[in-house]
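Each chain, written out:
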Amino acid sequence: MTTPLLELRGVTRQFGALRAVDGVDLQVPPGARHALIGPNGAGKSTLFKLVTGSMPVTSGTVALDGSDITKLGEAQRARRGISQTLQHSSLFLSQTVERNVVMAAQRQPGGNRHSLVPRRQKATRDRARELLVDVGLERRSGALVSALSHGERRQLEVAVALACEPRLLLLDEPAAGMSPAESGRLVGLLKALPDTVTLVIVEHDLDVVFALATSVTVLHLGKLLLTGSPDEVRASTAVQEAYLGTGRESLFLDTDGPAGLDVSRSEQGVS
Amino acid sequence: MSAPARPTTPAATAPAGGSSAVPGSRRSRGRAPLRAVPALAVLVVLALVPYFVGPDETDILSRVLIFGLFAVSLDLLVGITGLPSLGHAAYFGVGAYTAGLVAEHWTPNAPVPVLVAAGAGAVAAVLTGWLVVRSDGVFFLMLTLAIGEITSQLALQLDDVTGGSDGLFGIPTFRIGGEPLRLEGYRYWYVLAVFVITFAAVWLISRSPFGLALRGIRDNEDRMRSLGYSPFRYKYVAYVLAGAFAGIAGGLFAQFNRIVNPSDAGFALSAITLLALVLGGAGSLWGPVIGMAVVVVVRDYYGPDLGGHGPLVLGIVFVIAVYVLPRGFAGLAGLGALRGRRRGAVSAHATDPDDPGSGAVPGTSSEERPA
Ligand SMILES: Nc1ncnc2c1ncn2[C@@H]1O[C@H](COP(=O)(O)OP(=O)(O)OP(=O)(O)O)[C@@H](O)[C@H]1O
Ligand SMILES: [Mg+2]
């Protein structure tokens, strides 16, 4: 068996008395297209932060490609190939679109981040422009981020994350706030990623999840409820009970995610 | 793994066909030479100045360039990296004392004293920056303030070396090839040459990928970390560079002024230079030079006529400037260049059309930083 690219063991994060992430064990094999789902407050975003290192674990270990990275800082983990988009947009608002991507691209091994010669910086800029073409923002490359629409910013986040040339790409609700056309394009882009990139995606839009994911983990109240294929997850009564326990009419329904999975739809999936 | 993460999506090939069609590329390429024209014009005018003005005015202009260079070094720290130092004069002082001692005991020949001063400024910044750069917010302000005060206290106490409260005096002026530069015009040209070279270096740094990273750290340090940058390293290097450039300015000052005393490392110099940054527009590099020109002319040229009211006049100029030019002189140029380009509230007053995040001295702006 190959070493999992990402391996979590007993990962726990406490906020005071609240165990936002509670003893999660998870293995993501290299090249996987893995989705992480769960109701609001399940701990998905927190789990991502524990993986990227922007927040320390309370206990447990995080390993990347077999080596323990629990003690490494966020920048070191990023340099080992962990890249992310955040649930809440985190871009350089006062810089141009292109510079936001350049900022990430120039940090990469071929990126000339120490060069003083403008000519040598061209390769990085070209790379940034390619990525902007990929996400469909090429016409906006000179605009300031503060002038972008919400959907465009989400696209830019993806371009920035890809500019980091990640081995492990963590996307936290990348399609939130995108138009159907934009999220369709995003799915196309992510599907076409080479399998040197391992993808873990948190997404409330289940059309996106089931279009992409080959395996799904369900998180509930910080605990890992189940990991399985999309069909197994749809069929699981445990999953449905967990969601019904939240008192919602529909599963996974997010305030800003119109395409929640409702109970009837998931039952159709079972039959 | 030679070609990681290169998505070759159908989407990638469909629209717009390649990067040559990207709008913006053509414009920025065509603009660079055009923008060099005003810079060259200014340079020519500056070089010809001694032919047209008297010796006193030439000397004042030399002072403007020396302190302007110091303002540029502070701008690298404050405007580009976002580190609002209150004690940057310490490195100016270290450079000035070093150059003074070198000129007196070793050689006043250019460019030795200035180069040694640059090294001394850098070494001082290496020693102090390691701690300073790790601190944040109020602690950063307090530590830098303390460093400025400690440096001028040291200059006062170590009187065997520094001459105590009298300072160093009778420092030999600049020499080139053994010939002292006796005429104001020659001294001015030497100062101008060092200014231009150093300014160009800071300019290159600020335009480089490293400079972009510094701006990124200024705007959002956490985000930079998630992109794999270690902000400490970048800030530390910027701090040391700024220390070296301040040392150069101090080195010029020592041989120009021929007297150095403890107040040259003190808070007053840091404070008026921050004032120059606010006046001129932080982050543009050239704006602070203009700001410093105003400060130096008011303080040193009209100062004697104002009978000790120089600081009051500066205060009034400052208050007016903050109201009329929220982003300083450079904000005026930034405004022109940005008009018609785009309309983002953040950008409207930026001091640098290439860096819409520029303009505010951290801590003096009421605007929220992008999070
Ligand atoms: N910094 C923090 N301090 C205290 N509590 C926090 C913090 N971050 C998250 N929490 C709490 O931890 C729990 C999990 O939050 P998290 O953001 O990880 O959920 P999520 O699964 O991403 O939810 P959503 O679908 O709404 O994004 C929530 O109850 C939240 O209130
Ligand atoms: Mg979340």
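Note that the structure is a prediction, hence the values are computed from the model and not measured.

## As for the overall build of chain B
Working step 1: Looking only at helices and strands, chain B has 15 helices and 4 strands in total.
Working step 2: Each of the 371 residues in chain B was classed as buried or not, and the buried ones make up 53%.
Working step 3: Taking the intrachain contacts of chain B between residues at least 6 apart in sequence as the baseline, contacts between residues at least 24 apart amount to 74%.

## Examining the coordination of the magnesium ion (ligand 2)
Residue and element names in this part refer to chain A.
Working step 1: Around the magnesium ion (ligand 2), the protein supplies Ser45 (OG) and Gln87 (OE1) as donor atoms, at distances of 1.9 to 2.1 Å. One end of the pair, serine 45, is in helix H1 (residues 44-52); the other, glutamine 87, is in the loop between strand E6 (82-85) and helix H3 (97-105), and 42 residues separate them in sequence.
Working step 2: Accessibility expressed as a relative area gives 18% for serine 45, which makes it buried.
Working step 3: Given the relative accessible area of 29%, glutamine 87 is considered partly exposed.

## Some remarks on unusual backbone geometry
Trans peptide bonds make up most of the peptide bonds, and negative phi angles are found at most residues other than glycine.
Working step 1: Looking along the chain, the bond that leaves B:Ala110 and enters B:Pro111 is cis, with omega of -5°.
Working step 2: If you trace the backbone, B:Pro111 turns up in the loop between helix H4 (89-105) and helix H5 (112-132).
Working step 3: Within the chain, A:Glu173 stands out as a residue other than glycine whose phi angle is a positive 50°.
Working step 4: Structurally, A:Glu173 can be placed in the loop between strand E7 (168-172) and helix H6 (180-191).

## Quick look at the packing of H5(B) against helix H6 (residues 137-157) of chain B
Residue and element names in this part refer to chain B.
Working step 1: Viewed as axis vectors pointing N to C, H5 and H6 meet at an angle of 155°, and their least axial separation amounts to 10 Å. It follows from the interaxial angle that H5 and H6 lie roughly antiparallel. As H5 runs across H6, the sense of the crossing is right-handed. Contacts between H5 and H6 pair Thr128, Leu131 and Val132 from the former with Phe140, Leu143, Thr144 and Ile147 from the latter.

## Quick look at the sheet that holds strand E5 (residues 67-68) of chain A
All names here are of chain A.
Working step 1: With antiparallel pairing, the 4 strands of this open sheet are ordered in space as E2-E1-E4-E5. The sheet is open, and its two borders are formed by strand E2 (18-28) and E5, each paired with just one other strand.
Working step 2: Direction of pairing for strand E4 (residues 59-64) relative to E5: antiparallel, over a ladder of 2 bridges. Within the sheet, the bridge partner assigned to alanine 63 lies in E5 and is aspartate 68.
Working step 3: Most of the contacts of H1 go to strand E1 (residues 6-15), to which it runs at about 120°, and overall it touches E1, E2 and E4.

## Notes on the confidence of the model for chain A
Working step 1: With 85% of its residues at a pLDDT of at least 70, chain A reaches an overall mean of 85.
Working step 2: A low-confidence stretch, residues 247-271 of chain A stays under pLDDT 50, and its non-local contacts, those more than four residues away or across chains, total 43 contacts.

## Brief notes about the pairing of E2(A)
Working step 1: Relative to E2(A), E1(A) is paired through 7 bridges, and the arrangement is antiparallel. The partner of A:Arg13 across the bridge, within E2(A), is A:Val21.

## A look at the sheet that holds strand E9 (residues 215-220) of chain A
Residues and elements named next belong to chain A.
Working step 1: Strand order in the open sheet formed by 6 strands is E6-E7-E8-E3-E9-E10, and the pairing between neighbours is mixed. The two strands at the open ends of the sheet, each matched to only one other strand, are E6 and strand E10 (223-228). Strand-to-strand, the axes of this sheet are offset by a mean angle of 15°, without reference to chain direction.
Working step 2: When E6 meets E7, the two strands line up parallel, connected through 4 bridges. Across the sheet, serine 83 pairs through a bridge with leucine 169, a residue of E7.
Working step 3: Across the sheet, helix H5 (residues 150-163) touches E6 and E7, and the angle it forms with E6 is around 175°.

## A word on the nonpolar core
Working step 1: If you look at the biggest cluster of nonpolar residues, it comprises 136 residues, and the most contacted ones within it are A:Val101, A:Leu156, B:Leu227 and B:Leu252.
Working step 2: Sorting elements by how many residues they give to this core places helix H11 (residues 231-257) of chain B first, with 15 residues.
Working step 3: Taken domain by domain, the makeup of this core includes at least three residues from each of domain 1 (1-81 + 167-271) and domain 2 (89-165) of chain A.
Working step 4: Setting aside its immediate chain neighbours within four residues, B:Leu227 contacts A:Ala78, A:Phe92, A:Met103, A:Ala104, A:Arg107, A:Val160 and A:Cys164.
Working step 5: Counting 26 residues, the second largest nonpolar core, distinct from the first, contains A:Leu6, A:Ala42, A:Leu170 and A:Val202.

## Structural notes on the site of ligand 1
Residue and element names in this part refer to chain A.
Working step 1: Around ligand 1 sit 13 residues, and of these Gly41, Lys44, Ser45, Thr46 and Gln87 come closest.
Working step 2: Between alanine 42 and ligand 1, the recorded distance is 3.2 Å, taken from a backbone N or O atom to an oxygen atom.
Working step 3: One of the side-chain nitrogen or oxygen atoms of histidine 204 is found 3.1 Å away from an oxygen atom of ligand 1.
Working step 4: Coverage of ligand 1 by the protein chains reaches 63% of its 630 Å² of free accessible surface.
Working step 5: Going through the elements one at a time, E2 and H1 are the ones with two or more residues in the shell around ligand 1.
Working step 6: Among the elements that line the shell around ligand 1, the one with the most residues is H1, at 3 residues.

## Description of the pattern of salt bridges
Working step 1: Inspection of the entire model under this criterion finds 17 salt bridges over all chains.
Working step 2: Across the pair A:Lys223 and A:Asp22 runs a salt bridge whose closest N-O atoms are separated by 3.0 Å. On the criterion of sequence distance, the pair formed by A:Lys223 in strand E10 and A:Asp22 in strand E2 is long-range, its members being 201 residues apart.
Working step 3: Here B:Arg225 makes a salt bridge to B:Asp222, at a shortest N to O gap of 3.0 Å. Note that B:Arg225 and B:Asp222 are positioned in helix H10 (residues 221-226) at a spacing of 3 residues, about one turn of the helix.
Working step 4: Its relative accessible area of 26% is what places B:Arg225 among the partly exposed residues.
Working step 5: If you follow the salt bridges from partner to partner, you end up with B:Glu221, B:Asp222, B:Arg225 and B:Lys235 in one network.

## What about the domain arrangement of chain A?
Residues and elements named next belong to chain A.
Working step 1: Here chain A is described as being made up of domain 1 (1-81 + 167-271) and domain 2 (89-165).
Working step 2: Counting from both sides, the interface comprises 14 residues of domain 1 and, opposite them, 14 residues of domain 2.
Working step 3: Between domain 1 and domain 2 lies a buried interface of about 1,100 Å² when both sides are counted; carbon and sulfur atoms form 62% of it.
Working step 4: Its largest share of buried area at the contact with domain 2, domain 1 owes to Glu182, Arg185 and Leu189, together 38% of the area lost on that side.
Working step 5: Summed over the shared surface of domain 1 and domain 2, the result is 0 salt bridges.
Working step 6: Our count for the domain 1 to domain 2 interface comes out at 4 residue pairs in polar contact (both at pLDDT 80 or more).
Working step 7: Of all the elements in the fold, those that place two or more residues in the side of domain 1 that touches domain 2 are E7 and H6.
Working step 8: Per-element tally for the side of domain 1 that touches domain 2: the top contributor is H6, with 4 residues.

## Remarks on the packing of aromatic side chains
All names here are of chain B.
Working step 1: In this structure the tally under the stated criterion is 13 aromatic pairs over all chains.
Working step 2: Geometrically, the ring pair formed by phenylalanine 195 and phenylalanine 199 is stacked, given 5.8 Å between the ring centres and 20° between the ring planes. With phenylalanine 195 and phenylalanine 199 both in helix H8 (residues 184-207), this residue pair falls 4 residues apart, about one helical turn. As far as the burial class goes, phenylalanine 195 and phenylalanine 199 line up, both buried.
Working step 3: Here the aromatic residues Phe67, Phe70, Phe92 and Phe253 are joined through ring pairs into a cluster of three or more.
Working step 4: Cation over ring: arginine 207 sits above tryptophan 203, and NZ or CZ is 4.4 Å from the ring centre.
Working step 5: We note arginine 299 situated over the ring of phenylalanine 67; from NZ or CZ to the ring centre the distance is 5.3 Å.

Scoring rules and cut-offs
Residues numbered from 1 in each chain as written. Chains lettered and ligands numbered in written order. Predicted model: local features only at pLDDT ≥ 70, side-chain atom pairs only at ≥ 80, totals over all residues. Heavy atoms only, no water. Helix = DSSP H or I, 4+ residues; strand = E, 2+ residues; numbered from the N terminus. Buried < 20%, exposed > 50% of the residue type's maximum accessible area, 1.4 Å probe, protein only. Contact = heavy atoms within 4.5 Å. Donors = N, O, S within 2.8 Å, 3.2 Å for Na, K, Ca; no water. Axes fitted to C-alpha atoms, helices over the stretch in contact; angles between N-to-C directions. Parallel < 35°, antiparallel > 145°, perpendicular 65-115°, else oblique. Left-handed = near helix turned anticlockwise from the far one by under 90°. Pairing = 2+ DSSP bridges. pLDDT = per-residue confidence, 0-100. Core = buried A, V, L, I, M, F, W, Y, C linked by side-chain atoms within 4.5 Å. Domains from an automatic or database assignment. Near = heavy atom within 4 Å. Polar contact = N/O pair within 3.5 Å; in protein donor to acceptor, adjacent residues only side chain to side chain. Areas by Shrake-Rupley, 256 points an atom, 1.4 Å probe, with all protein chains shown as cover. Salt bridge = Lys/Arg side-chain N within 4 Å of Asp/Glu carboxyl O. Buried area = accessible area lost by both parts, 1.4 Å probe. Phe/Tyr/Trp six-rings, centres within 6.5 Å; stacked < 30°, edge-to-face > 60°. Lys NZ or Arg CZ within 6 Å of the ring centre and 35° of its normal.

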